[in-house]
Amino acid sequence: MHLSSSLLASAMAMGVSAGTNYLGFNSGATLADRSAKFKKDFVAEMKTAQGLEGAPGTFNSVRLYTNIQAYSQDDPIQAFEAAMETKTNLLLGVWASGTDNIDKEISALQKAVKQYGSKFTDLVIGISIGSEDLYRDGVTSKKNDGGIGNTPDTIIKFIGDYRKAFKDSALSKVPVGHVDTWDAWTNSSVKPVIDAVDWVGVDEYPFYETGKSNNIDNAGSLFDRAYEVTLGAVGGKPVWVTETGWPTSGPKWDEAVASVENAKTYWDEVGCRKLFNKVPTFWYNVRDSNPDNKVKFAISKDLSTKPLFDLSCPNTFKTKPRASGGVSSAESTATGTGKNGTANATGTGASKPNSTGNTGNSISNGSNGSGNNGGSKSDAGSGSGTNSPAASEPSNVKSASSKFDKFSGALYLAIALIAGFLL
């Protein structure tokens with residue numbers, strides 16, 4: 001079967017990410033006891049990541065959720081100094097949920113640019129304006145008490161505020177993106193956000209996909225489906241995988257079992273087979289930060305460079321290639337094709353942040369929850385006042401999408417052809 005030149009170009013664009021295919025981890029602003037991280041804590045994480053035994057490349061990049069140092073109003077987060085010391089690439093984050101402005105985030109970043117100059121800006125590979133705000137603003141998150149998000153219009157405004165603030169800065173050349181769950185990206189209401197960014201960040205956790213045979217043997221296929229749907233939804237924008245992983249310990253989640261053995265399998269079947277050195281990837285995670293979350297994702301104990309499992313990649317994989325023809329009818333049902341585009345699957349559990357004050361900074365930690373399609377578990381940013389939480393892992397799990405719009409037959413066929421080409 002031959003693709004038209006326009007479809008071919010689109011397919012190639014969907015499979016290509018901007019710039020280098022970075023390897024990294026996520027890093028929140030607090031430790032597991034909810035105390036703030038400082039430079040030495042970030043340095044320790046970054047050195048561990050870079051020195052991991054058997055890794056299929058150097059994990060010398062880190063994704064942050066905020067520019068603000070915990071326990072401060074708008075001081076630059078000390079991860080910046082740690083990155084300069086360890087030569088670690090930075091995917092910056094602006095915390096954008098539950099606020100009507102990002103002034104303090106901008107102020108902290110402006111201070112960093114002025115104070116550190118090119119030693120800092122040369123390490124910045126991208127910036128995400130927000131993290132899972134669109135998911136948390138959606139119907140399912142509200143139903144599951146998943147926390148306060150923000151609207152597409154507000155995220156677009158924040159993107160404009162950031163670009164305006166740094167138009168004459170070295171950061172003006174840094175690609176701007178937004179991070180959200182894969183099912184959030186398929187909602188047509190977020191298309192203006194897609195249009196406004198240079199790249200799209202997607203968080204995917206098959207572990208949390210309740211009701212979809214989310215056992216470890218099916219995890220690679222579940223990831224592939226979600227990733228392909230994301231590619232089809234974002235109109236050729238580069239896609240970075242900003243969070244994914246499988247827990248090493250904790251309670252069972254539907255058919256999903258948390259174990260070191262299964263974390264290794266997921267590393268191989270998703271990381272090695274699909275992502276590492278192919279797509280900018282930020283794994284979850286080198287160490288855990290949320291004491292309220294009973295499932296633990298850290299691949300290292302006490303930041304040892306000897307990981308909990310063998311990080312080397314196998315030569316063959318168990319996950320079978322997806323058949324040509326793109327999204328199956330079963331997947332169509334899972335993602336929702338009703339008159340109003342509402343997903344048929346229902347979320348279970350809750351993702352409710354618990355907030356505690358700490359020297360004028362709120363600290364929010366998400367508790368356990370679940371949903372049927374997306375899965376997410378993130379360490380959020382730090383800050384103070386009403387603009388951003390001091391630290392959090394706000395959404396443990398995502399949902400069977402808040403709301404989906406039905407694709408037209410022609411577009412659906414195009415996506416199917418593109419997906420088949422990519423595979």
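What counts and how
- Residues numbered from 1 in each chain as written.
- Predicted model: local features only at pLDDT ≥ 70, side-chain atom pairs only at ≥ 80, totals over all residues.
- Heavy atoms only, no water.
- UniProt positions renumbered as here; feature names shortened; annotations may be inferred.
- Helix = DSSP H or I, 4+ residues; strand = E, 2+ residues; numbered from the N terminus.
- Polar contact = N/O pair within 3.5 Å; in protein donor to acceptor, adjacent residues only side chain to side chain.
- Contact = heavy atoms within 4.5 Å.
- Buried < 20%, exposed > 50% of the residue type's maximum accessible area, 1.4 Å probe, protein only.
- 1 Å grid on protein atoms, 1.4 Å probe; cavity = no way out; pocket = protein on both sides within 12 Å on 5 of 7 lines; lining within 4 Å.
- Points joined across faces, edges and corners; volume = space filled by probe spheres on them.
- Nonpolar A, V, L, I, M, F, W, Y, C, P; charged D, E, K, R; others polar.
- Phe/Tyr/Trp six-rings, centres within 6.5 Å; stacked < 30°, edge-to-face > 60°.

- An unreviewed UniProt entry lists the chain under the name GPI-anchored cell wall beta-1,3-endoglucanase EglC, from Metarhizium rileyi.
- As stated in UniProt under Subcellular location (unreviewed entry), the record for the chain gives "Secreted, Cell wall".
- The UniProt entry for the chain carries the following comment under Sequence similarities (unreviewed entry): "Belongs to the glycosyl hydrolase 17 family."

**A short note on the side chain of Arg 63**
(1) Moving on: Residue position: Arg 63 is located in strand E2 (residues 61–64).
(2) Moving on: Engagement of the side chain of Arg 63 in a polar contact is seen with the side chain of Asn 26, the distance being 3.0 Å.
(3) Moving on: Not counting residues within four places of it along the chain, the set of residues in contact with Arg 63 comprises Phe 25, Asn 26, Ser 27, Leu 91, Ser 131, Val 179, Asp 203, Thr 242, Glu 243 and Phe 282.

**Structural notes on unusual backbone geometry**
(1) Moving on: Look at the link from Tyr 284 to Asn 285: it is a cis peptide, with omega at 10°.
(2) Moving on: By the element assignment, Asn 285 lies in the loop between strand E8 (281–283) and helix H13 (329–335).
(3) Moving on: The phi torsion at Tyr 71 lies on the positive side, around 75°, for a residue other than glycine.
(4) Moving on: The topology assignment puts Tyr 71 in the loop between E2 and helix H3 (79–86).
(5) Moving on: The class of Tyr 71 is partly exposed, set by a relative accessible area of 31%.
(6) Moving on: Of note, Asp 302 is a non-glycine position whose phi angle comes to about 55°, a positive value.
(7) Moving on: On the secondary structure map, Asp 302 appears in the loop between E8 and H13.
(8) Moving on: Exposure remark for Asp 302: the relative accessible area of 70% places this residue in the exposed category.

**Quick notes on empty space enclosed by the protein**
Picture a little ball the size of a water molecule; that probe, rolled over the atoms, points out where space is still empty.
(1) Moving on: Under the defined criterion, the tally for this structure stands at five cavities of 30 Å³ or more.
(2) Moving on: Counted as a void, the second largest cavity has a volume near 80 Å³.
(3) Moving on: If you trace the second largest cavity, you find it lined by Phe 25, Asn 26, Ser 27, Phe 42, Glu 45, Met 46, Ala 49, Ser 61, Val 62, Thr 88 and Val 286.
(4) Moving on: Elements with a contribution of two residues or more to the lining of the second largest cavity: strand E1 (23–27), helix H2 (39–50) and E2.
(5) Moving on: Its residues assigned to classes, the lining of the second largest cavity shows six nonpolar, four polar and one charged.

**Concerning the packing of aromatic side chains**
(1) Moving on: Within the structure shown, the criterion is met by 25 aromatic pairs.
(2) Moving on: Aromatic pair Tyr 205 and Phe 297: ring centres 5.7 Å apart, planes at 80°, arrangement edge-to-face. On the criterion of sequence distance, the pair formed by Tyr 205 in the loop between strand E6 (199–203) and helix H11 (216–233) and Phe 297 in the loop between E8 and H13 is long-range, its members being 92 residues apart. For the pair shown, Tyr 205 and Phe 297 are each scored as buried.
(3) Moving on: Measuring from centroid to centroid gives 4.9 Å for Tyr 208 and Trp 253, while their planes differ by 90°, and the two rings are edge-to-face. Placement of the pair is Tyr 208 in the loop between E6 and H11 and Trp 253 in the loop between strand E7 (239–243) and helix H12 (260–275), with a sequence separation of 45 residues.

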